[in-house]
Amino acid sequence: MGKKANANAQPAAASDKSPRQITQIHLGSHRIAVWYASPYPSEYQQDLYICERCLKYTKTASALHTHACQGGYPRGRKIYEDGTAGVYEIDGKQELLYCQNLCLLSKLFLDQKTVYYDIGSFLFYVLLARTPRGLKFVGYFSKEKSSVDGNLLACILVLPPFRGQNFGQLLIEISYELARRDGMVGGPEQPLSPQGFHSFRAYWRRAVVNELLKDGDMQIVSLARLAERTGIRTEDILFTLDDLGLLEFWRGRHIVCVANETVRRVVSERWIRLAPRMDIEGMVGRSAGTSDCDDDTL
């Protein structure tokens, strides 16, 4: 679907804009400079006004003001909520227009993205933040309903105004939690952008270190066991352990054989944040439906 995860800083490419391209979007109270071109119809240029509820795009603020949303809000079925945010699972086949609009919007901030209209084989996990002004669209991740490569996540985006609040980590954690509940081991679609790699490395470090600290002072753990318990694919665990200096090779295979004291020293030296962003109690199970609610509540 797209091979690069969201960036944390505006790329240099954003300054190279054709006069016919969209240069900024208006989304709620935010005016956001875009980073890349997106295949919106050619008559849409310069400023784009986007509805926060249905992501319909218009040419003018007055057109957006008079536009009437179709369908419920939030869309999809709620799979997570905490005091600050909610995440909703949306089937690309059932909400075709909404998901197409979502893909067009995300291309404005993702360098490599190739699927905009043929999205029926994808699920979208939309993150809405609770604010004093109501629910606000923050970002999303998508994944294939069936990935032959074991990808748990295809695209991930957090809009620029909401970065630095750990929303990206929340989306990553939820993607792995969903995989664990399905008994899957996997990872993000490759290759990752430098910013995407940084975000996933932070998650891999936290998940692996927390797992190592669970089972007493000294332990010998295989990569396969760590993969099973974290849901992280073996090559990503191997990279993480090697990166942290916690990997050993014994009798022809890689093993982890470290004391908790060593792991905690690594945590301190690398400034690894152990607390997850996701509240595991916030994962909710709902029967499939088109919408859990039709108002601005979580």
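Our structure is the block above this text.
Residues numbered from 1 in each chain as written. Predicted model: local features only at pLDDT ≥ 70, side-chain atom pairs only at ≥ 80, totals over all residues. Heavy atoms only, no water.

**Student:** When you look at the overall build of the chain in this model, what are you seeing that I'm missing?
**Tutor:** What the chain contains, in helices and strands, is 7 helices and 14 strands. Going through the 298 residues of the chain one by one, you find that 52% of them count as buried. Total accessible area on the chain stands at roughly 13900 Å², and carbon and sulfur atoms take up 49% of it. (Helix = DSSP H or I, 4+ residues; strand = E, 2+ residues; numbered from the N terminus. Buried < 20%, exposed > 50% of the residue type's maximum accessible area, 1.4 Å probe, protein only. Areas by Shrake-Rupley, 256 points an atom, 1.4 Å probe, with all protein chains shown as cover.)

**Student:** Just checking my understanding: could you explain the packing of helix H4 (residues 194-212) against helix H7 (residues 260-270) for this structure?
**Tutor:** Two numbers describe a pair of packed helices, the interaxial angle and the distance between the axes. Where H4 contacts H7, the two axes come as close as 10 Å, and the packing angle between them is 155°. Put simply, H4 runs roughly antiparallel to H7. Remark: the crossing between H4 and H7 carries left-handed chirality. On the side of H4, the interface is formed by Arg205, Val209 and Leu212, while H7 contributes Asn260, Val263, Val267 and Arg270. Partitioned by chemical class, the residues of the contact of H4 with H7 number 4 nonpolar, 1 polar and 2 charged. (Axes fitted to C-alpha atoms, helices over the stretch in contact; angles between N-to-C directions. Parallel < 35°, antiparallel > 145°, perpendicular 65-115°, else oblique. Left-handed = near helix turned anticlockwise from the far one by under 90°. Contact = heavy atoms within 4.5 Å. Nonpolar A, V, L, I, M, F, W, Y, C, P; charged D, E, K, R; others polar.)

**Student:** Teacher, can you tell me more about the environment of Val208 here?
**Tutor:** Its location among the elements puts Val208 in helix H4. C-alpha of Val208 to C-alpha of Leu226: the two residues are 18 residues apart in sequence and 7.4 Å apart in space. Those residues in contact with Val208 that lie beyond four places of it in its chain are Ile232, Ile237, Thr240 and Leu241.

**Student:** Help me understand the sheet that holds strand S10 (residues 156-158) in this model?
**Tutor:** In any sheet, the strands associate via hydrogen bonds between backbone groups, in a parallel or an antiparallel arrangement. The antiparallel open sheet is built from 5 strands, whose spatial order is S5-S6-S7-S8-S10. One side of each edge strand has no neighbouring strand; the edge strands of this open sheet are strand S5 (77-81) and S10. Direction aside, the axes of adjacent strands within the sheet are offset by 25° on average. Bridge analysis of strand S8 (residues 134-144) against S10 gives 3 bridges, and the strand direction is antiparallel. Across the sheet, Phe141 pairs through a bridge with Ile156, a residue of S10. (Pairing = 2+ DSSP bridges.)

**Student:** Please explain unusual backbone geometry as it appears in this structure.
**Tutor:** The bulk of non-glycine residues show a negative phi, and the bulk of peptide bonds are trans. A cis geometry characterises the amide bond from Gln190 onward to Pro191, with omega recorded as 0°. As for its position among the elements, Pro191 is in the loop between strand S11 (187-188) and H4. A positive phi is found at Leu55, a non-glycine position, where the angle reads about 65°. Within the secondary structure, Leu55 sits in the loop between strand S3 (46-50) and strand S4 (57-58). Using a relative accessible area of 1% as the deciding quantity, one classes Leu55 as buried. You will see that Asn166, though not glycine, has its phi angle at about 65°, which is positive. Inspection of the secondary structure assignment puts Asn166 in the loop between S10 and helix H3 (167-181).

**Student:** Would you mind showing me how to read the sheet that holds strand S1 (residues 22-27) here?
**Tutor:** With respect to topology, 4 strands assemble into an open sheet ordered S2-S1-S3-S4, the strand pairing being mixed. Two strands in the sheet have a free side with no partner beyond their single neighbour: strand S2 (30-33) and S4. Sheet analysis places S1 next to S2, joined by 4 bridges and oriented antiparallel. Within S2, the residue paired with Leu27 across the bridge is His30.

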